[in-house]
Amino acid sequence: MATPADDLATAAGMLQKARRLVAFTGAGVSAESGIPTFRDGTGLWETFPPETFAQWDGLVHTALAHPAQLADFLLAVLEPIAVAEPNAAHRALAALERSVPTAVVTQNVDGLHQAAGSTEVREVHGSFLEVVTLKGRLVCRLDRAELRMVVDRLRRVRVGPAKLPRILLALRGLAGPTLHGLTRPNVVLFGEQLAEPDWALAQEDVLGCDVMLVVGTSAEVWPAAELPHLARRNGARLIVVDPGHPGPGGIWIRGPAGQVLPELLRRAFGEAMF
Ligand code: NAD
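Predicted model only: the values in this text are computed from it and were never measured.

Notes on the overall build of the chain
Phase 1: Along the chain, the regular secondary structure elements total 12 helices and 10 strands.
Phase 2: Computed over its C-alpha atoms, the radius of gyration of the chain comes to 19 Å, within 12% of the 19 Å expected for a compact globule of 274 residues.
Phase 3: Taking the principal axes of the C-alpha coordinates as reference, the chain spans close to 60 × 35 × 35 Å.
Phase 4: Residue pairs in contact within the chain that sit at least 24 positions apart in sequence constitute 66% of those at least 6 positions apart.
Phase 5: As displayed, the chain has an accessible area near 13000 Å², and 56% of this comes from carbon and sulfur atoms.
Phase 6: Where the 26 positive side-chain charges of the chain centre and where its 29 negative ones centre are 4 Å apart.

Quick look at the structure:
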């Protein structure tokens, strides 16, 4: 039976031989940056069920009937992203580009892969740092300081009675009426199409890779969760890095991404990686 050390050595060998890599990441890769995952015990969905908070119908109903709950949900989602910085896992994936052509296909909406220096990033569920029209046309990109301003305003809303007009005012810059029409953050809710062109590019990347690193995802959100299966069917080998989920097959290296990925890269490419 292979030991964890054997698996790490095998995975390092796979990275050394890889011609083209895809890193497929989920909420777990940002957990060590202080952004909670949705499904773990402490996850957001425990407090804010996705049937209500990840769908337009539920959000609109909450806005009208329970505005304070909407403000709490927005704060719970936006605040960790607004103050987050890339962690060792994001930095390791960015460093990987120096040794192997690497595309990062992420389900995350926090912009941390780009902040760490990854240059080919497909955000298949969009990003809270982008503002789009209701038809999906990009209006502007925000930086984290601008997101923090929205969070600060939402915090002030929560001090008094959280009436809907005050919440909408607090969200200005991120959502609401503008010269371009109504705007919203560019994040994909349940039942919506995945973000384009990133989704099409992600599928091309997956079909072109010979090794896929699957990092910090329960791989339960479809159709994104199809990508590791597509990679395997196309002959790619999988390395899963996750403390709790074995993922969709391949070698499973159990542990937090911020520890495992730097160690894996050091083994594959030496200390000079960092
Ligand atoms: P998930 O919450 O379903 O699963 C998280 C996975 O991360 C689990 O397998 C867990 O074991 C693992 N994990 C926890 N800590 C880890 C660590 N330190 N290192 C590595 N792995 C760790 O996440 P998902 O599969 O990405 O699906 C949730 C959906 O919610 C995604 O589609 C995403 O859009 C969204 N989301 C995004 C963020 C973000 O942008 N940071 C955060 C939460 C959820």
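Observations regarding unusual backbone geometry
Phase 1: In this chain, Glu196 is followed by Pro197 through a cis amide linkage whose omega measures 10°.
Phase 2: That bond from Trp222 to Pro223 is cis: its omega, 10°, falls within 30 degrees of zero.
Phase 3: By the element assignment, Pro223 lies in the loop between β8 (211–215) and α11 (226–233).
Phase 4: We note that Ala219 has phi near 50°; this positive angle belongs to a residue other than glycine.
Phase 5: With respect to the helices, strands and loops of the structure, Ala219 is situated in the loop between β8 and α11.
Phase 6: Residue classification places Ala219 among the buried positions, given a relative accessible area of 19%.

A closer look at the pairing of strand β9 (residues 237–241)
Phase 1: Most of β9 is tucked away, with 4 of its 5 residues classed as buried.
Phase 2: Two strands pair when backbone bridges link them, and β8 and β9 are joined in this way by 5 bridges, in the parallel orientation. Residue Leu213 lies in a different strand from β9, and its bridge partner there is Ile239.
Phase 3: Taking the sense of rotation as the criterion, the β-α-β connection linking β8, α11 and β9 turns out right-handed.
Phase 4: In this sheet, strand β10 (residues 251–253) lies alongside β9 in parallel orientation, the contact comprising 3 bridges. Of the residues in β10, the one forming a bridge with Val240 is Trp252.

Digging into the environment of Ile239
Phase 1: Take Ile239: it is sitting in strand β9.
Phase 2: The exposure class assigned to Ile239 is buried, which follows from its relative accessible area of 0%.
Phase 3: Spatially, the C-alpha atoms of Ile239 and Thr3 are 15 Å apart, while their sequence positions differ by 236 residues.
Phase 4: Those residues in contact with Ile239 that lie beyond four places of it in its chain are Ala11, Met14, Leu15, Val211, Met212, Leu213, Val214, Ile251 and Ile253.

Section: the sheet that holds strand β1 (residues 21–25)
Phase 1: Strand order in this open sheet of 6 strands is β3-β2-β1-β8-β9-β10, and the pairing throughout is parallel. Among the strands making up the open sheet, the edge pair consists of β3 (121–123) and β10. Each adjacent strand pair in this sheet contributes to an overall mean axis angle of 20°, direction not counted.
Phase 2: Of the pairings in the sheet, the one linking β1 to strand β2 (residues 102–106) comprises 5 bridges and is parallel in character. Residue pairing in the sheet places Val22 in a bridge with Ala103 of β2.

About the thresholds
- Residues numbered from 1 in each chain as written.
- Predicted model: local features only at pLDDT ≥ 70, side-chain atom pairs only at ≥ 80, totals over all residues.
- Heavy atoms only, no water.
- Helix = DSSP H or I, 4+ residues; strand = E, 2+ residues; numbered from the N terminus.
- Rg over C-alpha atoms; globule rule 2.2 N^0.38 Å.
- Contact = heavy atoms within 4.5 Å.
- Areas by Shrake-Rupley, 256 points an atom, 1.4 Å probe, with all protein chains shown as cover.
- Lys, Arg positive; Asp, Glu negative; His and termini not counted.
- Charge placed at Lys NZ, Arg CZ, Asp CG, Glu CD.
- Buried < 20%, exposed > 50% of the residue type's maximum accessible area, 1.4 Å probe, protein only.
- Pairing = 2+ DSSP bridges.
- Right-handed = clockwise from strand over helix to strand, strands pointing away.
- Axes fitted to C-alpha atoms, helices over the stretch in contact; angles between N-to-C directions.

Any functional reading would require information beyond the geometric quantities listed.
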